[in-house]
Amino acid sequence: MPAPTKKLKNIVPVTAPVKSFVKFDWNCQFLTTVSPALHSFSLRVFNSKQTAICSYTHPTADHCNAITYGKLNDAVLLGLALDSGVLLYSISESIPKQHLVGVHQAPVTDFCFSLDSKSGYSVSSDGLLVEWDLSTNSKKNSLKSSNLSKVAINEKGTLLAIAGNQIHIVDLKTFKIIKNFPGHTTLVSELIFVGDDLFSSAVDDRFITRWNSEKKPLVFSVESPPISMSVNSQNHLLAQIENGVVSLWKTDRTSKRAVAADGLLELNAEDKAEAAFLAASLDNDQVVVAYGTLFKPIFERVSFTDEEGVIKPATVLTRLVLEQSKKQKKKRTSEKVPMQVLGSIDFGENSKKSEVTEETIAEEPTIEDQVKALVVEDHVKENKESTNISLNQMLSQAISSGDKQLLERVLSNSDPKIINATIRRINPTLVVPLLDALVVRLQKRPNRAAQLVEWIRACLLNHSGYLLSIPQRNYSLRALHRTLIKRQEVLPKLLRLSGRLDMISCQMNFQSNDQEDEDLVVFDADVDETSDMDEYSGEDEEEMVDYANDFDMESDSESGPEDA
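All chains use their own residue numbering, which begins from 1 and follows the written sequence. This being a predicted model, a pLDDT of at least 70 is required before a residue's local features are given, and a value of 80 or more before pairs of side-chain atoms are given or counted; all residues contribute to the totals for chains, interfaces and linings. Hydrogen atoms and water are omitted, and side-chain values are computed over all heavy atoms in the structure.

## Notes on the overall build of the chain
Only DSSP runs of H or I with at least four residues qualify as helices, and only runs of E with at least two residues qualify as strands; both kinds are numbered from the N terminus onward. Of regular secondary structure, the chain possesses 12 helices and 28 strands. The rule is simple: take the accessible area with a 1.4 Å probe, protein chains only, and divide by the maximum for that residue type; under 20% is buried, over 50% is exposed, in between is partly exposed. When burial is assessed residue by residue, the chain has 41% of its 564 residues classed as buried. Between two residues, a contact is recorded if the distance between any of their heavy atoms is within 4.5 Å. Long-range contacts, defined here as pairs at least 24 residues apart, represent 47% of the contacts in the chain between residues at least 6 apart. Accessible surface for the chain amounts to roughly 33,900 Å². Of this, 52% is attributable to carbon and sulfur atoms. Areas reported here follow the Shrake-Rupley algorithm with a probe of radius 1.4 Å; residue values treat only the protein chains shown as occluding.

This is how it looks when you write it as structure tokens:
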């Protein structure tokens, strides 16, 4: 019987804010991305060839808190820890298989499979550890603790580690706690079993700790809190941290102080805030990284050790996503069948017998006229077809199904009113994928900026509240920000050039106007020059008469004695 609802008041929730998850599987063959929606989430799975092999949008209001991988009969499964329970998703079949519910009374914070994937273990903020029988979707065992956030199973499948602030080791035979570790001051965010060692990191904690019942704890320091961790069999530890850098250590050592990173791996970009990996994981002696966008990540393998097996102090990747996109485009176009462009002389009733003469060449329309005619015809066809299906439905269908042709038909509309009305009615969960698609097209064809910027502007204006509610919005809108910054850098140079051209044009206009004015000067003899004197008033005339009289009197007084 589930506990009464009123007892939930005493539960301290430990789930982190809704965020995006990007995680490799154990062989680095698959990459899963989980993006939050308004009240739900959507996931995409990519293989190592950068191909999206499946996508899924959760239909009901729910949030994903963690993802994990399992394998059953050579089929790869995804375990999604949700607020409502645990969802098992089949990558090969691209469908959800099972939904484990009815036991936890609070959001499930983490889940892991047994070695044979016939059982599963889930923890929740209600402090309950549950063992599930995946063949019957029922509970097998349970263990009560407090504020659990993470769970991990060892390589032999005999021990289970559960953690909130403290870390507990559970024996799966007896399903009882046999060992405790102090843990961290905040909630544990990552937990990995490697042999007899257990590695853990915590929320807002810049330290990773290695726990072992026979050894003293070993602490590794990082510059910022880690997002994910990975450990291989060669005693190498990888941590992807929040500032976008990957840190690497050699773990077979002892030290009383915190150990700084032996090597760093970073992505080179002009804007350091944008130089971040989507995901990173260890695969033997290489690091598999994913960068780019959540809509289309780019994978690469990087060696982080030298010939002697020592970790390189610093490895910098200088990569441009735009250049790789152009290479892929050239590769696809080179495989296509050559296209023959036909002119007007190739059509008509006598097209087979027509001969190319000077008259036919003169009558043939120019390439510009042909392009304008094609644009007009396409626009008329699209307007006729758009009357049956609204742009809103077409846009939603194109984004959900990944139909590029349908999306291009929608984006060909350039009316700001229609664009604003379409974006206003679209589901907010589709805004981020739409922005990713728009950025990809803007990077490939910058001359479409005038058309695509209207769609980007409408998305930012109508759905700014949703975009601001995404905790890792910088992570999701990185490509858009980088593209706009690149285009903005050219603006000052264009403005300076425009100002100089305007100045030259104005000077040329002034010179031409001065010459015209000199040529048009005409003297009119009929104009009465005395007309200007009429402007003086009567008072002015009296003042002039008085002044003349005074002058005569002074002259008379001076000449008076001589005359006498």
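There is more to say after this.
## Considering a nonpolar patch on the surface
A patch consists of residues exposed above 30% relative accessible area that lack any salt bridge, with like charges linked at up to 9 Å and nonpolar side chains (Val, Leu, Ile, Met, Phe, Trp, Tyr) linked at up to 5 Å. Counted as salt bridges are all cases of a side-chain nitrogen of Lys or Arg within 4 Å of a carboxyl oxygen of Asp or Glu. A contiguous nonpolar surface patch, about 400 Å² in accessible area, is contributed by Leu497, Leu501, Ile504 and Met508. Relative to the helices and strands, Ile504 is located in helix H11 (residues 478-519).

## What to know about the sheet that holds strand S16 (residues 176-181)
Pairing is antiparallel across the open sheet formed by four strands, whose spatial order is S13-S14-S15-S16. What marks the edges here is a single partner per strand, and that holds for strand S13 (150-153) and S16. Taking the axes of each pair of neighbouring strands and ignoring which way they run, one obtains an average angle of 25° across the sheet. In this analysis, strands are considered paired if DSSP registers two or more bridges between them. Pairing geometry for S13 and strand S14 (residues 159-163), over four bridges, is antiparallel. Its bridge partner being in S14, Lys150 is matched across the sheet by Ala163. Helix axes are fitted to C-alpha atoms over the stretch in contact, other axes to C-alpha atoms as well, and angles between N-to-C directions run from 0 to 180 degrees.

## What to know about the packing of helix H4 (residues 391-401) against helix H5 (residues 404-411)
Between H4 and H5, whose axes approach to 8 Å, the crossing angle comes to 145°. Remark: the crossing between H4 and H5 carries left-handed chirality. In contact with Leu391, Met394, Leu395, Gln397 and Ala398 of H4, H5 contributes Leu406, Leu407, Arg409 and Val410. Under the scheme applied, nonpolar residues are Ala, Val, Leu, Ile, Met, Phe, Trp, Tyr, Cys and Pro; charged residues are Asp, Glu, Lys and Arg; polar residues are all the others, including Gly. For the contact of H4 with H5, the class distribution of residues is seven nonpolar, one polar and one charged. Helix crossings fall into two classes, left-handed where the near helix is turned counterclockwise from the far one by less than a right angle and right-handed where it is turned clockwise.

## Some remarks on empty space enclosed by the protein
A cavity, in this analysis, means grid points on a 1 Å lattice covering only the protein atoms where a 1.4 Å probe fits yet has no way out; a pocket is instead an open set bounded by protein on both sides within 12 Å along at least five of seven lines, and a residue lines either one if it has an atom within 4 Å of a point. Grid points are joined across faces, edges and corners, and a volume is the space filled by probe spheres set on the points. Throughout the structure, instances matching the rule amount to two cavities of 30 Å³ or more. Every residue lining the second largest cavity is listed: Asp83, Ser84, Gly85, Leu100, Val101, Gly102, Val103, His104, Ala106, Val108 and Trp132. Of the residues assigned to the lining of the second largest cavity, the class counts are six nonpolar, four polar and one charged.

## Here we look at the pairing of S16
Inspection of the sheet shows strand S15 (residues 167-171) paired to S16 by five bridges, in the antiparallel sense. Its bridge partner lying in S16, Ile167 is registered against Phe181. Between S15 and S16, which pair antiparallel in sequence order, lie four residues; one of them, Phe175, sits at a positive phi of approximately 55°.

## Overview of the packing of H5 against helix H7 (residues 431-444)
Axis separation between H5 and H7 bottoms out at 12 Å; the angle between their running directions is 85°. When the interaxial angle is binned, H5 and H7 end up roughly perpendicular. In contact with Lys404, Leu407, Glu408 and Leu411 of H5, H7 contributes Leu434, Ala437, Leu438 and Arg441. Its residues assigned to classes, the contact of H5 with H7 shows five nonpolar, no polar and three charged. Note that the term roughly parallel is reserved for angles under 35 degrees, roughly antiparallel for angles over 145, roughly perpendicular for angles of 65 to 115, and oblique for everything else.

## Observations concerning the packing of aromatic side chains
Aromatic pairs are defined between Phe, Tyr and Trp rings, using the six-membered ring for Trp, whenever the two ring centres lie within 6.5 Å; interplanar angles under 30 degrees are classed as stacked, those over 60 as edge-to-face, and all others as tilted. Counted under the stated rule, the structure contains six aromatic pairs. Arranged with centres 6.2 Å apart and planes meeting at 85°, the rings of Trp26 and Tyr69 form a pair that is edge-to-face. Of this pair, Trp26 sits in the loop between strand S1 (21-24) and strand S2 (30-36) while Tyr69 sits in strand S5 (residues 64-72), and the two are 43 residues apart along the sequence.

## As for the side chain of Thr422
For Thr422, the position within the fold is in helix H6 (residues 416-425). Given a relative accessible area of 6%, Thr422 falls into the buried group. Any N or O atom pair separated by 3.5 Å or less is treated as a polar contact, with the protein-specific requirement of one donor-capable and one acceptor-capable atom, and with residues adjacent in sequence counted only for side-chain atom pairs. Within the structure, the side chain of Thr422 is placed 2.8 Å from the backbone oxygen of Ile418, a separation counted as a polar contact. Among residues more than four places away in sequence, those in contact with Thr422 are Leu391, Asn392, Leu395 and Trp455.

## Thoughts on unusual backbone geometry
When glycine is set aside, most residues are seen to have a negative phi, and most peptide bonds are trans. Positive phi outside glycine occurs at Ser117, with the angle close to 60°. Positionally, Ser117 belongs in the loop between strand S9 (108-113) and strand S10 (119-124). In this structure Ser117 comes out as buried when scored by relative accessible area, which is 3%. The backbone of Asn235 shows a phi angle near 60°, a positive value even though the residue is not glycine.

## A closer look at the pattern of salt bridges
Evaluated as defined, the whole model comprises seven salt bridges. The closest approach of N and O atoms between Lys97 and Glu93, which form a salt bridge, is 3.2 Å. In this structure, the salt-bridge partner of Asp262 is Arg253, at a minimum N-O distance of 2.5 Å. Accessibility expressed as a relative area gives 27% for Arg253, which makes it partly exposed. Through salt bridges that share partners, Glu408, Arg441 and Arg448 make up one connected network.

## A short note on the nonpolar core
Leu395, Ile423, Leu434, Leu435, Leu438 and Trp455 are the most contacted members of the largest nonpolar core, which totals 31 residues. Counting only elements with at least two residues in this core, the list comes to H4, H5, H6, H7, helix H8 (449-462) and helix H9 (464-469). If one sorts the elements of this core by residue count, H7 sits on top with eight residues. Other than its neighbours up to four places away in sequence, Leu435 contacts Ile456, Cys459, Leu460, Leu467, Leu477 and Leu480. Here the nonpolar core consists of buried residues drawn from Ala, Val, Leu, Ile, Met, Phe, Trp, Tyr and Cys, with membership extended through side-chain atoms lying within 4.5 Å. In this structure, Phe41, Cys54, Ile67 and Leu80 belong to the second largest nonpolar core, which totals 18 residues.

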